[in-house]
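Survey of secondary and tertiary structure
For reference, the chains in residue letters:
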Amino acid sequence: MSASERGYSVLLSSLHRASAPALPLSTLQGLIVHCLARLSPAPTPLAATIVGSPLFRPFSLTKLDALKTSFRHAVHTKLHLLKDAPTSVFLPSLNTQLSAWLGAILRGLEGGHAITRLACCSGLLLGVEDILKRLPSKQRDVESSVQVEIVLAFVDVIDLFTSSDSWRKEFHPETEAGEEDALTLSLITSAEALLTVPPETFVALPLQQTLALLVHTINKSFMSGMFLSFKSSMEHHPEYKIHVRQGAPAFRDVHKISSSPAMSHVGSLSRLCSRSISLFVDHRPKLALPHVQETLFCLESMSQNVESGWLASGLADAIDESIAPETRTLTESIWTILKTLLFSTIMVTEAGLSAVVDVPPEIGHSVPSLALAALRSLYHLAFVIEKFGGAGHSAFPELKRAFYLALDILAGHKADSEHLVQQLCEELWSNGYDLSHPTQKAKKAFVLSAIEQLIPVLTASTIETYVLPFCSPHLDDAHHRDVFEAAHSVVLAIFSHCHTQVADYTPPHGSARAVPTATMVPFYARCLIENSAEDKLNTTQLCLAFAALVKSASASGDPALAWFCIKSVLTACKESSPAFDGDRVHRLHLALVSSVSSLPLALLSRALLVVDGIIEGTDGTKRDELLEALFQEIINNVGDAEKEFAVCWWNERHVRWARSRLAIARRGSETDGENSILKESEIPSRL
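Quick notes on the rules
Residues numbered from 1 in each chain as written. Predicted model: local features only at pLDDT ≥ 70, side-chain atom pairs only at ≥ 80, totals over all residues. Heavy atoms only, no water. Helix = DSSP H or I, 4+ residues; strand = E, 2+ residues; numbered from the N terminus. Buried < 20%, exposed > 50% of the residue type's maximum accessible area, 1.4 Å probe, protein only. Contact = heavy atoms within 4.5 Å. Axes fitted to C-alpha atoms, helices over the stretch in contact; angles between N-to-C directions. Parallel < 35°, antiparallel > 145°, perpendicular 65-115°, else oblique. Left-handed = near helix turned anticlockwise from the far one by under 90°. Nonpolar A, V, L, I, M, F, W, Y, C, P; charged D, E, K, R; others polar. Polar contact = N/O pair within 3.5 Å; in protein donor to acceptor, adjacent residues only side chain to side chain. Core = buried A, V, L, I, M, F, W, Y, C linked by side-chain atoms within 4.5 Å. Phe/Tyr/Trp six-rings, centres within 6.5 Å; stacked < 30°, edge-to-face > 60°. Lys NZ or Arg CZ within 6 Å of the ring centre and 35° of its normal. Expected span 1.5 Å × (residues − 1). Salt bridge = Lys/Arg side-chain N within 4 Å of Asp/Glu carboxyl O. pLDDT = per-residue confidence, 0-100. Disulfide = S-S within 2.5 Å.

1. Some words on the overall build of the protein
In terms of regular secondary structure, the protein is built from 30 helices and 0 strands. Relative to its full complement of 687 residues, the protein shows a buried share of 51%. For the protein, the share of sequence-separated contacts (at least 6 apart) that also reach a separation of at least 24 residues comes to 76%.

2. Observations concerning the packing of helix α12 (residues 249–258) against helix α16 (residues 328–356)
Their axes nearest at 10 Å, the elements α12 and α16 cross at an angle of 40°. When the axes of α12 and α16 are compared, the pair comes out oblique. Crossing angle aside, the handedness with which α12 passes α16 is left-handed. Listed contacts from α16 to Ala250, Phe251, Val254, Ile257 and Ser258 of α12 are Thr329, Leu330, Ser333, Ile334 and Ile337. Among the residues forming the contact of α12 with α16, the class breakdown is 7 nonpolar, 3 polar and no charged.

3. Re the side chain of Thr327
Within the element layout of this structure, Thr327 appears in the loop between α15 (285–313) and α16. One polar contact links the side chain of Thr327 to the main-chain amide nitrogen of Val244, over a distance of 3.0 Å. If we ignore the near neighbours within four places in the chain, the residues touching Thr327 are Ile242, His243, Val244 and Phe251.

4. Let's talk about the nonpolar core
Leu109, Val467, Ile494 and Leu630 are the most contacted members of the largest nonpolar core, which has 230 residues in total. Setting aside chain neighbours within four positions, we find Ile494 in contact with Ile455, Ile463, Val467, Leu468, Val515 and Met520.

5. What about the side chain of Glu143?
Locating Glu143 in the fold gives a position in the loop between α6 (114–131) and α7 (144–162). If near-sequence neighbours (up to four positions away) are discounted, Glu143 is found in contact with Leu125, Val128, Glu129 and Leu132.

6. Here we look at unusual backbone geometry
A cis amide bond, omega 10°, links Ser40 with the succeeding residue Pro41. One non-glycine residue with positive phi stands out, namely Asp535, at about 70°. Mapped onto the fold, Asp535 is located in the loop between α24 (517–530) and α25 (539–555). Accessibility expressed as a relative area gives 65% for Asp535, which makes it exposed.

7. Concerning the packing of aromatic side chains
Here the structure, examined in full by the defined rule, presents 13 aromatic pairs. Each ring, one from Tyr379 and one from Phe446, has its centre 6.2 Å from the other, and the planes form 50°; the classification is tilted. Of the two residues, Tyr379 sits in helix α17 (residues 367–380) while Phe446 sits in helix α21 (residues 438–454), which places them 67 residues apart along the sequence. For Phe446, a relative accessible area of 4% gives the class buried. The structure contains a cluster of three or more aromatic residues connected by ring pairs, namely Tyr379, Phe403, Tyr404 and Phe446. Taking the ring centre of Phe202 as reference, the NZ or CZ of Arg275 above it sits at 4.9 Å. The ring of Trp563 is capped by Arg606, whose NZ or CZ atom sits 4.0 Å from the centre of that ring.

8. Structural notes on helix α26 (residues 559–573)
In this model, α26 (15 residues) spans 22 Å end to end at C-alpha, consistent with the 21 Å of a helix rising 1.5 Å per residue. Those residues of α26 lying buried are Leu561, Ala562, Trp563, Cys565, Ile566, Ser568, Val569, Leu570, Ala572 and Cys573.

9. Structural notes on the environment of Leu542
For Leu542, the position within the fold is in helix α25. When sequence neighbours within four positions are dropped, the list of residues in contact with Leu542 reads Leu528, Ser532, Leu537, Arg587, Leu588 and Ala591.

10. What about the packing of α6 against α7?
Between two packed helices, both the angle of their axes relative to each other and the distance between the axes serve to describe the pair. Axis separation between α6 and α7 bottoms out at 9 Å; the angle between their running directions is 150°. With respect to α7, the axis of α6 lies roughly antiparallel. Crossing of α6 against α7: the hand is left-handed. Two secondary-structure elements touch here, α6 through Ala114, Ile115, Arg117, Leu118, Cys121, Ser122, Leu124, Leu125 and Glu129 and α7 through Val146, Gln147, Glu149, Ile150, Leu152, Ala153, Phe154, Asp156, Val157, Leu160 and Phe161.

11. Focus on the environment of Glu644
Structurally, Glu644 can be placed in helix α30 (residues 640–672). The spatial distance from the C-alpha of Glu644 to the C-alpha of Ile634 is 9.7 Å, given a sequence separation of 10 residues.

12. Examining the pattern of salt bridges
Throughout the structure, instances matching the rule amount to 16 salt bridges. With a shortest N-O distance of 2.5 Å, Lys443 and Glu307 are connected by a salt bridge. In this pair, Lys443 sits in helix α21 while Glu307 sits in helix α15, placing the two residues 136 residues apart along the sequence. Here the two residues Lys443 and Glu307 agree in accessibility, since each one is buried. Between Arg481 and Glu485 there is a salt bridge, with the nearest N and O atoms lying 2.9 Å from each other. Taken as a pair, Arg481 and Glu485 lie in helix α23 (residues 481–504) at a separation of 4 residues, close to a single helical turn.

13. Re the confidence of the model for the protein
The share of residues in the protein with pLDDT of 70 or more is 90%, and the mean pLDDT across the chain is 87. Taken element by element, the predicted model of the protein shows its lowest mean pLDDT in helix α8 (residues 166–169) (54) and its highest in helix α14 (residues 266–283) (97). Contacts for the low-pLDDT stretch residues 673–683, under 50 throughout, to residues beyond four places or in other chains number 14 contacts.

14. Quick word on the environment of Glu200
Within the secondary structure, Glu200 sits in helix α10 (residues 199–202). In this structure Glu200 comes out as exposed when scored by relative accessible area, which is 60%. Between the alpha carbons of Glu200 and Leu279 there is a distance of 9.3 Å; along the sequence they are 79 residues apart.

15. Remarks on the state of the cysteines
Applying the stated criterion to the full structure yields 0 disulfides. No disulfide involves Cys121; its sulfur sits 6.8 Å from the nearest other cysteine sulfur, which is in Cys120.

If you want it as structure tokens, here you go:
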């Protein structure tokens, strides 16, 4: 008997054993790969033996992974053997031989247990996907039969867990002690392979049941968000605020989640859930929308439970030094779970929102509720989002897409937008936490980022009653930087909206009144001057904010309002108090220069005269910065109506500025005994 025959005999003997095999699983895995790829004339009997073997039951992730890996590697080995075989014009093509071999294996898998079949088909499909790039371009259609078979196997698995037949429920597949349930094992084993199935084949699945089982599994993996309820496990410690001893129930619960196979595969499960949602909505939107809504409500409930547990645990306002050393492994595991939950929520949410954007209005009446559920889910996880830069402009791309997509959908429904803003403001006002509490700070920054995008659809009443009182306390408090900057962004969004309204639309008599710009402009002008100090708004932020303020004031139709802003800055710069040092005055001068492009022609000449005086009274590097800033404003930002005047004014002045600098430089060289010469070309003269 040859070595190959002996190996085949040992493999068959092991596969027929009901007890533990004499050989380790890794050895059997190698034998399966070897025999499947080399068995002649066809591997059909061996495939039937494998899929029906009692060796792989009761089910475990290790056994199913071994099956999947064996079939995946067998595809690689078979391709290698076919490529190394002698060629002949009488032999079928490589594609034909490989397809015949795959068909023979699939015939052998027929009639096997659904879960075992699913594992084998998953391995086959992943193996085929691996080798496609190594096949000739005209021979890459070998995977279609395997794709159909994995879909059929997955349908049989779904039927095992969703059938209404009470008799079948009594015989659910068994798993080894300590393993996940059979449904979770099936989803984990097949998720990666199912993601490679093309849409036209994937939609043959019962998408309603598929989505429900995936959401159930994800929710179960995170214990419905209840894994932070461990107040009873905490013990008093004289030195540390947070002390949970090893072996306490909290340690067991968190370890159970963090070490579970489901948690390790949440990424692929979430991607499969996202794909199910997208294709479900695309093909059957009317049927899909209630189930997508149920999915997002489940995520919202989970995130709400997580936030409640986080606040109750005492971890919300704990610092590293207040956590006992033996408890820090617990908190590290918790943060890993929280980050995983956030990414899973974003992935599923973004898929749901992207899918419903194009749903016809006549069946899309529930779409606003989806956006609200998505925003509330992210709102409850704001304390996690904060660790990744917040939900605003600095968010990572996936979060940014989900966040702004939810806001875009919601902005199309004014009543829902108004209700959300009012609800969130009232909740944060009444929850009893101040801004020193980290979770409160994170939630305020999140809400402010959301409000900024919803300003165009909010009424003046909501802006005055809720938005401005919500922002005002944070406009001067730079200690909490993210909230401070978000509050200023909201106020600038209000000014931008007011400017757009005035420029594009005149409300008819009796319509809703506009935001009172006349009272906001003086208030915010003083606010910006106060925030020109060091460690508050930086120079770029100050210039952008002041330019937006002046632009809104100019658009109000009252030139005095725009000039009030200029005058306020000039008055502040003339103060002799120690608070207004040279650097701060220079920042205000740069802010004033940035407003030149925001002024109408009637005020532009007055403003440029003021700027001319400022430049004449400044020297050195600060003068260069003012000149460059002014040049950039004129060349890039001044409007067409004012451009000709501004350019002519610049051309008249730049020669005089150059001569003035030349005289200063000569006086300096006489004092220092140097012979340096400053050329006129050092003044921007590109116009």
